[in-house]
Each structure stands twice: as structure tokens, then as C-alpha cells.
Amino acid sequence: MSAVSEARSELISTNPADGSEVGRVQISPPEEVSGAVAHGRDVFERWKRTPFAERKRLVMRAREVIVAEMDDIALLISQESGKPVAEALSLEIAPVLDLMQWIARSAEKMLRPRRVGIGLFSLMGRSSRVIYHPLGVIGIIPAWNYPFSIPLGEAAMAVMAGNTVVIKPSELTPFVGLKIGEIFEKSGFPKDVVQIISGAGETGAALVAAQPDKIVFTGSLTTGRKILATAAENLTPVVLELGGKDPMIVFEDADMEMAADAAVWGAFCNSGQNCSAVERLYVQKDAAEELTALIVERTKRLVQGPGDGEDVSIAAMSSERQIRIVEQHVDYFCEAGAEALVGGKRAEVEGLENDGQNLFFQPTVITGATNDMRPMREETFGPILPIATFTTEEEAIALANDSDYGLTASVWTRDYAKGRRVAEQIEAGTVCINEVLYTHGIGQTPWGGFKKSGLGRTHGLEGLMELVKPQHIHTNRIALLPDAWWMPYSPTATETFRQFATKFATGSLFKTASMLPQLLRRIKELLKNRQQS
Ligand code: NAD
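Residues numbered from 1 in each chain as written. Predicted model: local features only at pLDDT ≥ 70, side-chain atom pairs only at ≥ 80, totals over all residues. Heavy atoms only, no water.

Caption draft 1: A look at the sheet that holds strand E7 (residues 164–167). As summarised here, the arrangement of the six strands in space is E8-E7-E6-E9-E10-E20, forming an open sheet in which the pairing is mixed. Unpaired on one side and paired on the other, strand E8 (194–196) and strand E20 (454–455) mark the two borders of the sheet. Where strand E6 (residues 137–141) and strand E9 (residues 214–218) come together, four bridges link them in parallel fashion. Bridge pairing links Ile138 to Lys214 in E9. Against the sheet, helix H7 (residues 201–209) contacts E6, E7 and E9, and its axis sits at roughly 160 degrees relative to E6. (Pairing = 2+ DSSP bridges. Helix = DSSP H or I, 4+ residues; strand = E, 2+ residues; numbered from the N terminus. Contact = heavy atoms within 4.5 Å. Axes fitted to C-alpha atoms, helices over the stretch in contact; angles between N-to-C directions.)

What follows is the structure in C-alpha cells.
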């Protein structure tokens, strides 16, 4: 956690578990931010020419640096974000190492120039190729909840595509951000291929105003809207990875033990501070009692404490602001007639010198939730799991889709045909069948939301394509005759165009062949015109 100091010149980073100071970082003034983007553009001119093999070597080297410092990095992530060290390893370090090896090894192949089939145009001696140019400077503005894996993974993909990067880490996790810069430096990357600037929202806004060649933003819908508005003025392209209110649908034929384990992890890992956390559980009526009992029993067994304990499953939340939203949502639920079966308030964690703050919230299971309750519509971003019921497949789909958000969802059933049928009707960027939450950790797959969960994609081929500009190169190898559609126009031309519409444009070789006499008349006409001129 951190605060902007009174002088507004430095960020003070503190550990959410006990309030102790992690350190202080100078805030980058606006001129330094625009300077970083301008400098990034100079560095880009050289970096974009670096062969893929060299980019790959450096990214693989960066992996080695991370592995060598793994435990220290995990501890730093835990100290600034509050999450358990175990989750820093499982949900940040391991997945980003995997993403890095994948993108290092496959970017060249994925960005290889591509010949495009152009149908009947190729009969005229033409061909088309698409080549991919890097964009330039990518501005990365991440949230605090995955302060290491999200910006680092995005940066690794950006540099493999030939871009340079400026990262503005969250003000809650500035030292994790600086660590990312240090990793690129230690791996031998040319200076400033990846630059880190420090600060809060104002610094992020300054980065957007500095007009990088793309903004990749992860954070709230409110901030996403502001970024989009500024970006629109400059026509800066953006990827927005925003919030979620992700549903988990459990049919009565599901494996209830698995579903209960998954619900507990999906709702409570990182204290529920995941864009893809299970924020709404819909269980088929006849299975509700059994599933709820299994979830409550598992929840009661979770150990809560400071993130550096290796047996700790739930640690501190990131900030007072965040924990207050959770308290409010629990109150809203209870006032509306739902019931907290376990949890529901801040946890008493023994032996903590917490300087008057307590950011531990008990994992909380709520029953009797319905979609008309306010916290079923707003993102909570905390360790609460509201359970609602449904009767039919159609009702489950309607309940799941009854949200402004559409990031991820999961469907639990032993009937895979039903699982796929339901999954394909859910409005979300990722839908898992008998799995939950973790696919951000599969770098090969696209990540991003439908509806108000965002724009564009990170990860996968789709994410890589966000970081390049495709260029179409079209060649005419028989450039001897004028094209039939060139000027001057005439009755012969008009008839030819009619036949283009009715014959050539069908894509049928047979029909196109039948327009050859008309085509020849038109070409003769064009040649005659040329001789007369
Ligand atoms: P936030 O919007 O408050 O802040 C995100 C980042 O934006 C921070 O670095 C912040 O300093 C910066 N920022 C704030 N105001 C800005 C402005 N006007 N211009 C430019 N930058 C600005 O979000 P948060 O509280 O850090 O993160 C929580 C949110 O992030 C949740 O809604 C969560 O769902 C979402 N999230 C989404 C994904 C995803 O992949 N879709 C992943 C993680 C988190």
C-alpha cells in the first residue's frame, strides 16, 4: 500500500499487513513523463531493428534474473500488495515466467510476413503480403492487484514485437514497478528499452497526455473512461483491461467437491482482489444446500494472517479504500435480506503491530443473494462470495448475463455438451468449463472482456496483434495493361463494371471467364484511348 506524501513529491509505500514503511519513491514530474515517451521513441529507432534472436535471448535472460531473485521478488510483491507469498509465486511469478518463454520463442513465427489469398485478383498477376511493424512506445498503466505479472508480461510481449515501453506502476506498488525496470536492466537490454516512471493517477494521466503509440491500461472502469477520453483527443489507440463481476454457474450434475474447492479459491485468492474473481455464484436449486455447506466448511479452514507466512491462504487487503467497499457490500447484502454464513467483518490477526490499521477481511460466504441486490451489480473486489440459485439452464444464462461486465465466467457440469452450449451463450471474454479464474496465467490465450470489462486483448496472438501495425504490401507483376476500372469511363466501361458486380464478384471462376469478351473490349478501348492521347 502507499500514500502520496504531503509535499506530493514522493510516494510512501507501506505494507498493508502492518503499516510498516517499505520505502519512498520520487514522483516523476510531468516533464519527465513526456521526456520518457520522447526518449522511448529515440530508443525505438534502434530497438526495432534488433533481430528476433537477440530479443529472444534478452527476454530469456530476464527470466533467469527473475528465477535467481524469485523469493525476494515474491516477498516484495507480498509486502506492497498484501497478498500471500504463496500467491505471489503461483499467480504472478510462475505464470509470467511461462508467458516470457512462450513469447520469446514464438513471437518471430507469429509476426512472420504473411501471404494473403486474394481470390480471383491473383489471376491478374497480383499478390498481397501483410507485414507487421512495431508501434513505437507502449505506455503501460497497471493496477496494483497483480503488480508484477501484468505489467511485466505486457512489457515482454511489447519488446518482443519491437516496441519500447514506459510503465507507470500503481502508486500502491511502486517498488514492484521499479523491480521490473531493474530486471530488464540486469538482463542486458539496451538502456531504456523499458523505462519506469513513478506516481499516482496524475502521473498516469501525464503518460496518456504524452501520446505514446498505444496505451495498455489495467484498472477500474472509471479510470478507463478517463483514459479513453484523453486518448480519443489524440487518436491514441488503447487496450483497456477493466473490472468484472464474474459469475460461476454450478449445475446439479457437477462434481460438488470440485465446485466447492474452486469457488473458495476463485472467490478468496488474493483476498478476492481479482478482476476475474468469482463475484457471483449461481447454483441449481436442488444442489444449493450441499454446495453451500461444502463451501462454508472449506472457508472456515482457511488460515488468515500476514502474507509472509507460508501456510497463509488469506492475507491483508491492499488498502483501506478497498476494505471499506467490502464492508459496505456485506452491509448492503444483509440489509437486503441475504445472510453471511461465515465471515462478514475484519479479522482479528494476532501479534500484528498494525499501526492502528487493520486491512484483514474475513473470507465471507453469503446466501440468499439475488441479482436485484446492489452488490450483485457492482464490482466488490474483496473476499466475499454471494450465492444465488436458479432452476433452468436458460435462467442461469440470463442471470449470468445480467451485468454490465463481461470479463470471465465459469460453468460447472459433468455434461460437456451442456457446458459448451451454456459457455457460448455467456457474454464474457473467457468462459471456463469446470475451471475457474486462472486463464490469465496461460499466456497463449487471449485475455480481455466483453461489455464494460474492456476493449482489446492482452496475451495470445490477439494480444500480440495489439502491439503491431499490420502493413499490406500489394504487388502487380503484370503491370502491362491499364486496369479495366481506370479512367476514362464510357458505356463499355459501365457494362464491364456491371459484369464485375454480377460475375467476378461472385468469386466463381466459371462466371468470371464468361466476362472475358467484355473485358477485352474494355481493354482495347483503354489502349486506343492511350494511343490517341
Ligand atoms: P485504478 O483505475 O484506480 O488504477 C489503475 C491505474 O491507473 C493505477 O496505476 C493508477 O495510478 C492509474 N490512474 C489513476 N487515474 C488515472 C488517470 N486519470 N489517468 C491515467 N492513469 C490513472 O484501478 P485499481 O484500483 O488500481 O485496480 C482495480 C481495478 O482493476 C479493478 O476494477 C479490477 O477489476 C481491475 N483489473 C482488471 C484486470 C483485467 O485484466 N481486466 C486485471 C487487474 C485489475
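Caption draft 2: Broad picture of a negative patch on the surface. Among the surface-exposed residues, Asp71, Asp72, Glu310 and Asp311 lie close enough to one another that they form a single negatively charged patch. Relative to the helices and strands, Asp71 is located in helix H3 (residues 70–81). (Patch = residues over 30% accessible without salt bridge, like charges linked within 9 Å, V, L, I, M, F, W, Y side chains within 5 Å. Areas by Shrake-Rupley, 256 points an atom, 1.4 Å probe, with all protein chains shown as cover. Salt bridge = Lys/Arg side-chain N within 4 Å of Asp/Glu carboxyl O. Lys, Arg positive; Asp, Glu negative; His and termini not counted. Charge placed at Lys NZ, Arg CZ, Asp CG, Glu CD.)

Caption draft 3: How the structure looks around helix H15 (residues 491–502). Under the 1.5 Å per step criterion, the end-to-end length of H15 is 17 Å for twelve residues, consistent within 8% with the ideal 16 Å. At its buried positions, H15 is contacted by helix H17 (516–532). (Expected span 1.5 Å × (residues − 1).)

Caption draft 4: Here's a closer look at the pattern of salt bridges. Across all of its chains, the model carries 31 salt bridges by this definition. When salt bridges with common partners are traced through the structure, they connect Glu257, Asp261, Glu297, Arg298 and Arg301 into a single cluster.

Caption draft 5: Spatial organisation of the side chain of Ser149. Position of Ser149 relative to the elements: it lies in helix H5 (residues 149–160). Those residues in contact with Ser149 that sit more than four places away from it in its chain are Leu91, Glu92 and Val96.

Caption draft 6: Structural detail: a nonpolar patch on the surface. On the surface, Phe121, Trp485 and Trp486 cluster together into a nonpolar patch covering about 310 Å² of accessible area. Along the polypeptide, Trp485 turns up in the loop between strand E21 (468–476) and H15.

Caption draft 7: Spotlight on the site of the ligand. In the vicinity of the ligand lie 30 residues, with Lys168, Glu171, Ser220, Thr223 and Glu379 positioned nearest. Within the side chain of Ser220, a nitrogen or oxygen atom sits 2.7 Å from an oxygen atom of the ligand. Between Leu242 and the ligand, the recorded distance is 2.7 Å, taken from a backbone N or O atom to a nitrogen atom. Looking at the shell around the ligand, the elements with two or more residues in it are H7, E9 and helix H8 (221–234). (Near = heavy atom within 4 Å. Polar contact = N/O pair within 3.5 Å; in protein donor to acceptor, adjacent residues only side chain to side chain.)

Without other data, these values stay purely geometric and don't point to any function.
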